[in-house]
Amino acid sequence: MLREAIEYLTTPCHPLARRFGYLAEMVALGARYRRQRRAWAPHVAACHRFVEQAIQRVEPGGRALVVGSGLLIEVPLEPLTARFDQVVLVDILHSRAVRRRVAGLPNVRLLELDVSGALAPLAMALDRGAPVPTGFVPPTIDGEPFRFALSCNLLSQLPLLPLDAVERRAPHTTEAERLAFARTMVQGHLGWLTGIAGRAALYTDVDSSWLHRGTVTEVEESTWGLSLPAPDMSWLWDIAPAPEQDRRHDLRHSVGGWFDVHAVTSALQPC
């Protein structure tokens, strides 16, 4: 607990990252990984395999964008830096450990950014008692175009902490309004990825299962109603074996990876 408290107090971040809980979430994620390193190992290895296969589909050189780089647990940094001239790691905040790790890598750039574009408009709406916004757009990133972009286990997660804030500050918000907000975030993210790079890939959890003694007792989809096409790769992630999150039940995610986000967005277009 002392380690987590020090990390929380000393990590530099934007006020919005603190307000919406991203700093606390990052600290908690790191602590969970240290506790569950063995259980997470197959998932981490699968993420690395996916990324290594994805970048082989792109010509070497140029710039690569890694979105949701987090603590670099799921990101194979060395293959990326060897493949591309510059690798830009984007997240809402970067830990001191990540900053130390990339300090000696001249072709790595850290960028702190709300890739959804939703946090500032949502904070303003909550402060004013206004309806939850749906007109926000993801930001642009300066510089030459990206040859490759990668979204790391981010798609399903984008709406979670913002919706927690809505629940706290605007509990009267209807379920339809919440879903519309979430769908704007995830669809905007897919569209943003296709526009920001010549080639984009992503992996994300697609559902969560609770298990008791190996038997699935409950399943909940994680993609906010989007009917994603079949993934190019899929695997299971034992994210919280009992008693990590529940005394008697294990929590497992099904994860899908897509090598071509352009094909994903095309499959989502209405006929």
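The chain appears in an unreviewed UniProt entry as Class I SAM-dependent methyltransferase from Azospirillum humicireducens.

This paragraph deals with the pattern of salt bridges. If the charged atoms of two oppositely charged side chains come close together, the side chains can form a pair. Within the structure shown, the criterion is met by nine salt bridges. Residue Arg99 pairs with Glu112 through a salt bridge whose shortest N-O separation is 2.7 Å. Here Glu112 lies in strand β3 (residues 108-112) and Arg99 lies in helix α6 (residues 96-102), a separation of 13 residues in the sequence. One salt bridge connects Arg169 with Asp127, and the closest N-O pair in it is separated by 3.4 Å. Remark: Asp127 occurs in helix α7 (residues 119-128) and Arg169 occurs in helix α8 (residues 160-169); sequence separation between them is 42 residues. A relative accessible area of 43% means that Arg169 is categorised as partly exposed. When salt bridges with common partners are traced through the structure, they connect Arg19, Asp127 and Arg169 into a single cluster.

What follows covers the packing of α8 against helix α9 (residues 175-196). Interaxial distance between α8 and α9 falls to 11 Å at its minimum, and their mutual angle equals 160°. What the angle tells us is that α8 and α9 run roughly antiparallel. Along this stretch, α8 crosses α9, giving a crossing that reads as right-handed. Note on element contacts: α9 touches α8 through Arg178, Phe181, Ala182 and Met185, opposite Pro162, Leu163 and Glu167.

Quick notes on the rules
Residues numbered from 1 in each chain as written. Predicted model: local features only at pLDDT ≥ 70, side-chain atom pairs only at ≥ 80, totals over all residues. Heavy atoms only, no water. Salt bridge = Lys/Arg side-chain N within 4 Å of Asp/Glu carboxyl O. Helix = DSSP H or I, 4+ residues; strand = E, 2+ residues; numbered from the N terminus. Buried < 20%, exposed > 50% of the residue type's maximum accessible area, 1.4 Å probe, protein only. Axes fitted to C-alpha atoms, helices over the stretch in contact; angles between N-to-C directions. Parallel < 35°, antiparallel > 145°, perpendicular 65-115°, else oblique. Left-handed = near helix turned anticlockwise from the far one by under 90°. Contact = heavy atoms within 4.5 Å.

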